[in-house]
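A closer look at the structure
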Amino acid sequence: MFKSLIVGNWKMHGTAQTAVNLATQLAEDWNADNEVEMVVFPPFVHISAVAAAVAKSAISIGAQNVSEYSAGAYTGETSAEMLVDQGCKYALVGHSERRALQNESSETVAEKFIAAQNAGLIPILCVGESLQQRQNNQTVEVVSGQIAAVIERAGLQNVCRAVIAYEPVWAVGTGETATPEQAQQVHSAIRAQLGEAGTATPLLYGGSVNAANAADLFAQPDINGGLVGGASLEAVEFLNIAKLIEA
Ligand code: PEP
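Now for a quick tour of the structure. Nothing here was measured: the structure is a model prediction, and the numbers come from that model. (Residues numbered from 1 in each chain as written. Predicted model: local features only at pLDDT ≥ 70, side-chain atom pairs only at ≥ 80, totals over all residues. Heavy atoms only, no water.)

Concerning the overall build of the protein chain
The number of helices and strands found in the protein chain is 11 helices and eight strands. Against the 2.2 N^0.38 benchmark of 18 Å for 247 residues, the protein chain shows a C-alpha radius of gyration of 17 Å, consistent with a compact globule. Taking the principal axes of the C-alpha coordinates as reference, the protein chain spans close to 45 × 45 × 35 Å. Counting all 247 residues of the protein chain, 51% fall into the buried class. Sequence separation of at least 24 residues holds for 72% of the intrachain contacts in the protein chain that already meet a minimum separation of 6. If you sum the accessible surface of the protein chain, you get close to 10800 Å²; carbon and sulfur atoms cover 49% of it. (Helix = DSSP H or I, 4+ residues; strand = E, 2+ residues; numbered from the N terminus. Rg over C-alpha atoms; globule rule 2.2 N^0.38 Å. Buried < 20%, exposed > 50% of the residue type's maximum accessible area, 1.4 Å probe, protein only. Contact = heavy atoms within 4.5 Å. Areas by Shrake-Rupley, 256 points an atom, 1.4 Å probe, with all protein chains shown as cover.)

A closer look at helix 11 (residues 235–242)
Within helix 11, the full set of buried residues consists of Ala 235, Phe 238, Leu 239, Ile 241 and Ala 242. Along helix 11, the residues classed as buried sweep out an arc of 160° about the axis, all on the same side. Turning to helix 11, the residues buried within the fold contact strand 1 (4–9), helix 1 (16–29), strand 2 (36–41), helix 10 (214–218) and strand 8 (225–228). (Arc of directions from axis to C-beta.)

Some thoughts on the site of the ligand
Neighbouring the ligand are 14 residues; Lys 11, His 95, Glu 167, Gly 173 and Ser 208 lie closest to it. Between Gly 173 and the ligand, the recorded distance is 2.6 Å, taken from a backbone N or O atom to an oxygen atom. A distance of 2.8 Å is found between an oxygen atom of the ligand and a backbone nitrogen or oxygen belonging to Gly 229. For the ligand, whose free accessible area comes to 290 Å², the fraction covered by protein is 95%. Split by residue class, the shell around the ligand holds four nonpolar, eight polar and two charged. (Near = heavy atom within 4 Å. Polar contact = N/O pair within 3.5 Å; in protein donor to acceptor, adjacent residues only side chain to side chain. Nonpolar A, V, L, I, M, F, W, Y, C, P; charged D, E, K, R; others polar.)

Topic: the side chain of Glu 37
Note on placement: Glu 37 falls in strand 2. On the accessibility criterion, Glu 37 (10% relative accessible area) is buried. Here Lys 89 takes part through its side chain, which lies 2.9 Å from a polar atom of the side chain of Glu 37. Within the local environment of Glu 37, its side chain forms a polar contact with the side chain of Tyr 90, the two groups lying 2.8 Å apart. Beyond its immediate stretch of four places on either side in the chain, Glu 37 contacts Lys 3, Ser 4, Leu 5, Ile 6, Ser 60, Lys 89 and Tyr 90.

Spelled out as structure tokens, the structure:
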């Protein structure tokens with residue numbers, strides 16, 4: 001069945017107490033019958049506390065990153081199995097901040113995607129172009145190349161069982177948002193790249209989504225939800241955005 005998602009990426013913010021407070025507020029307001037799935041991505045150290053806070057709600061938990069390795073001498077890393085054990089259902093792979101700040105290549109992103117899926121997590125593969133690439137008219141080429149690198153290693157069917165988030169790098173955390181037309185153009189190119197196998201793959205848009213711009217973005221035919229960073233740290237704002245998604 002086709003699923004719409006609203007995803008909150010809390011990045012590296014908050015204490016265990018503020019994370020639990022935020023999760024509790026969301027859980028109190030989010031309707032279990034909703035056809036839109038809400039997923040929150042707390043910092044790793046708060047995952048188990050947040051999982052406990054949302055345990056009786058319809059809210060799912062995701063991890064902001066995952067190791068490409070299943071176990072071993074990888075100091076500071078966290079395996080997909082450990083994340084499942086802590087209550088995670090999803091994992092972000094290839095977020096632009098990790099591609100840029102941790103130098104994650106498309107090959108590493110593909111390995112993380114495979115490790116997540118093998119452990120039973122649903123990867124949310126993040127893709128997107130830089131401002132310069134957009135100005136050079138390379139947007140679709142860059143995005144399709146990032147997806148192709150994962151298809152090459154994980155296989156098309158497995159990519160189509162995951163979630164893809166289009167997040168223009170110039171729009172993440174900047175207050176700049178792609179216009180609905182710009183976003184739809186890329187989403188439609190992604191849908192075409194996935195072909196028949198990807199007709200039900202959820203395609204999310206991310207990049208400075210807020211309650212004022214979300215409705216027009218979510219009204220686009222190939223946008224099936226949102227990946228929200230900054231605006232997901234405030235319960236009322238995030239709930240308002242979530243309620244704008246049509247299931
Ligand atoms: C993100 O973290 O993926 C994101 C889109 O952040 P923001 O909404 O703050 O741009």
